[in-house]
Amino acid sequence: MSGSYRVGIIGCGGMGGSHARHWTQKPQTDVVAVADVSERSARKLADEFDAKPYTDYADMLEQEACDIVSITTWQNVRSEITVKAAESGAKGILGEKPMASSLREADLMLASCAQHGVKLAIGHQRRFTPQNVEARRLVMDGAIGAPTAMLRRDAHGLLNRGTHELDEMMYVLGDPAPVWVIGQVTRKTDRWERRVRCEDRCAAIIAFEGGIRGTYESDLPDPGLQGDVIYGTEGILKRGPEGGLLLLNRHAGDWQSITPPPVEVDQYDEFISWLDGSGEGHRNDGETARLTMELMMAIYESARIRDVVELPLQTGDNPLDLMVEEGALPVEIHGRYDIRAPFPEQTN
């Protein structure tokens with residue numbers, strides 16, 4: 001073992017393998033243990049990275065003295081595992097998105113990490129892509145004047161892909177404080193995403209400080225929103241081909257094509273620097289991720305109360321669950337289905 005930090009992975013699916021590969025590539029970290037409720041999955045990942053497999057994550061946390069814990073499970077159990085990992089003596093926890101399945105769960109994660117002095121970050125890795133880093137720099141440098149609106153369009157659920165879109169929106173805009181949200185959802189099918197209820201369609205407007213409007217939509221019918229644009233008082237910035245950017249402002253008569261420079265660090269490098277005390281922090285820290293979680297829950301809450309939701313959000317439970325359990329979103333097309341991890345009846 002060459003690294004100074006012992007890493008344990010909880011959740012041995014695709015993202016668990018991704019985390020293990022990234023940690024293994026860093027000279028400061030060694031993957032020493034992995035855990036999954038599936039013994040086959042745990043052994044497979046353990047064999048690949050010469051780590052010790054566990055089927056009980058609590059046993060791994062107790063026996064392995066992990067400095068860093070990557071939690072790559074489904075979101076419905078991520079909160080309780082994070083709390084246990086914080087209590088175990090870990091120095092840092094890197095979780096996957098979405099942070100949890102409700103705002104209350106996210107707050108339990110933050111409280112436990114604060115109590116035990118544990119650094120928590122969540123894997124919204126788009127904050128490290130060259131395209132987004134350069135877009136944020138251009139916006140913050142005034143290339144389009146004061147930003148006024150940003151559009152994002154996606155599919156496959158708010159907590160699934162929308163968490164990236166909303167986090168990306170805030171990052172590119174310079175992380176302005178959200179003020180209020182108005183949103184709408186439909187759920188006529190019994191749709192789930194990794195065992196958490198999922199809406200069929202979603203749309204929202206988010207008001208940020210300074211009057212900036214963020215527009216988000218998911219799974220809506222065509223014609224589609226051009227969901228890759230930022231408008232400002234003096235120009236427009238949008239995604240270009242092959243990871244580039246296109247800029248139109250008063251300094252040029254036509255669109256300028258911009259190739260973003262490489263980004264020298266990824267979320268794992270920044271996490272290690274954060275633990276070492278050599279960095280200023282982590283752009284994906286738990287408090288930042290909580291804000292993305294709050295926005296998603298506020299969209300659901302707006303649909304539930306049929307009104308604007310002013311932030312901070314007061315509802316701790318998942319409002320989509322509340323709507324379903326209150327009978328406000330009756331299933332019209334029966335037969336539950338999970339868009340990421342099929343239920344047993346989906347595969348029979």
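Residues numbered from 1 in each chain as written. Predicted model: local features only at pLDDT ≥ 70, side-chain atom pairs only at ≥ 80, totals over all residues. Heavy atoms only, no water.

A. Up close: the overall build of the chain. Across its full length, the chain holds 11 helices and 18 strands. Its C-alpha radius of gyration of 21 Å places the chain within 12% of the 20 Å reference for a compact globule of 348 residues. Along the first, second and third principal axes, the C-alpha set of the chain runs to 60 × 50 × 40 Å. Here the chain holds 348 residues, and 54% of them are scored as buried. Put simply, of all contacts in the chain between residues at least 6 apart along the chain, 68% involve residues at least 24 apart. Computed over 37 positive and 54 negative side-chain charges, the separation of the two mean positions in the chain equals 3 Å. (Helix = DSSP H or I, 4+ residues; strand = E, 2+ residues; numbered from the N terminus. Rg over C-alpha atoms; globule rule 2.2 N^0.38 Å. Buried < 20%, exposed > 50% of the residue type's maximum accessible area, 1.4 Å probe, protein only. Contact = heavy atoms within 4.5 Å. Lys, Arg positive; Asp, Glu negative; His and termini not counted. Charge placed at Lys NZ, Arg CZ, Asp CG, Glu CD.)

B. Quick peek at the pairing of strand 2 (residues 29–35). Of all 7 residues in strand 2, 7 are buried; the element is thus mostly enclosed. When strand 1 (residues 5–10) meets strand 2, the two strands line up parallel, connected through 6 bridges. Its bridge partner being in strand 2, I9 is matched across the sheet by V34. As a crossover connection, the stretch from strand 1 through helix 1 (residues 14–25) into strand 2 is right-handed. Bridge count between strand 2 and strand 3 (residues 52–54): 3 bridges; the pairing is parallel. (Pairing = 2+ DSSP bridges. Right-handed = clockwise from strand over helix to strand, strands pointing away.)

C. Geometry of the nonpolar core. Core analysis: the largest hydrophobic core is formed by 69 residues, its most contacted members being M99, L158 and L237. Among the elements that make up this core, the one with the highest residue count is helix 9 (residues 286–305) (9 residues). By size, the runner-up hydrophobic cluster in this structure holds 21 residues, among which are V31, A51, Y268 and F271. (Core = buried A, V, L, I, M, F, W, Y, C linked by side-chain atoms within 4.5 Å.)

D. Main features of unusual backbone geometry. Of the consecutive residues D222 and P223, the connecting peptide bond is found in the cis state with omega at 5°. Within the fold, P223 resides in the loop between strand 12 (213–218) and strand 13 (229–232). The omega torsion of the bond from L311 to P312 falls at 10°, within 30 degrees of zero and hence cis. Summarising the element assignment, P312 is placed in the loop between strand 17 (309–310) and helix 10 (319–325). Despite not being glycine, R195 has its phi angle at roughly 70°, a positive value. Mapped onto the secondary structure, R195 falls in the loop between strand 9 (189–193) and strand 10 (196–197).

E. Region of interest: the pattern of salt bridges. Summed over the entire model, instances satisfying the criterion amount to 33 salt bridges. With a shortest N-O distance of 3.0 Å, D154 and R161 are connected by a salt bridge. Linked by salt bridges that have partners in common, R126, R152, E165, E168 and R239 make up one network. (Salt bridge = Lys/Arg side-chain N within 4 Å of Asp/Glu carboxyl O.)

F. Examining the sheet that holds strand 3 more closely. The 6 strands are arranged 3-2-1-4-5-6 in an open sheet whose pairing can be described as parallel. Each having just a single partner strand, strand 3 and strand 6 (119–122) make up the two edges of the open sheet. For this sheet the average axis-to-axis angle between neighbouring strands, irrespective of direction, equals 20°. Of the pairings in the sheet, the one linking strand 5 (residues 92–95) to strand 6 comprises 4 bridges and is parallel in character. Bridging across to strand 6, G92 finds its partner in K119. Most of the contacts of helix 1 go to strand 1, to which it runs at about 170°, and overall it touches strand 1, strand 2, strand 4 (68–71) and strand 5. (Axes fitted to C-alpha atoms, helices over the stretch in contact; angles between N-to-C directions.)

G. Focus on the sheet that holds strand 18 (residues 333–338). Here 3 strands make up an open sheet; going across it, the order is 10-9-18 and the pairing mixed. Bordering the open sheet on either side are strand 10 and strand 18, each of which pairs with just one other strand.

H. Spatial organisation of a nonpolar patch on the surface. Taken together, the side chains of I182, I205 and V308 define a hydrophobic patch exposed on the protein surface, amounting to about 200 Å² of accessible area. Looking at where I205 falls in the secondary structure, it is placed in strand 11 (residues 201–208). Of the residues examined, I205 reaches a relative accessible area of 37% and is grouped as partly exposed. (Patch = residues over 30% accessible without salt bridge, like charges linked within 9 Å, V, L, I, M, F, W, Y side chains within 5 Å. Areas by Shrake-Rupley, 256 points an atom, 1.4 Å probe, with all protein chains shown as cover.)

I. The arrangement of the packing of aromatic side chains in detail. Scanning the entire structure with this criterion turns up 4 aromatic pairs. Centroid distance W192 to F343: 5.9 Å. Interplanar angle 90°. Geometry classified as edge-to-face. On the criterion of sequence distance, the pair formed by W192 in strand 9 and F343 in the loop between strand 18 and helix 11 (344–347) is long-range, its members being 151 residues apart. According to the relative accessible area criterion, W192 is buried, its value standing at 17%. One aromatic cluster is present, built from ring pairs that chain together W23, Y268, F271 and W274. When the ring centre of F343 is taken as reference, the NZ or CZ atom of R195 above it lies at 4.2 Å. When the ring centre of W255 is taken as origin, the NZ or CZ atom of K238, which lies over that ring, is 4.5 Å away. (Phe/Tyr/Trp six-rings, centres within 6.5 Å; stacked < 30°, edge-to-face > 60°. Lys NZ or Arg CZ within 6 Å of the ring centre and 35° of its normal.)

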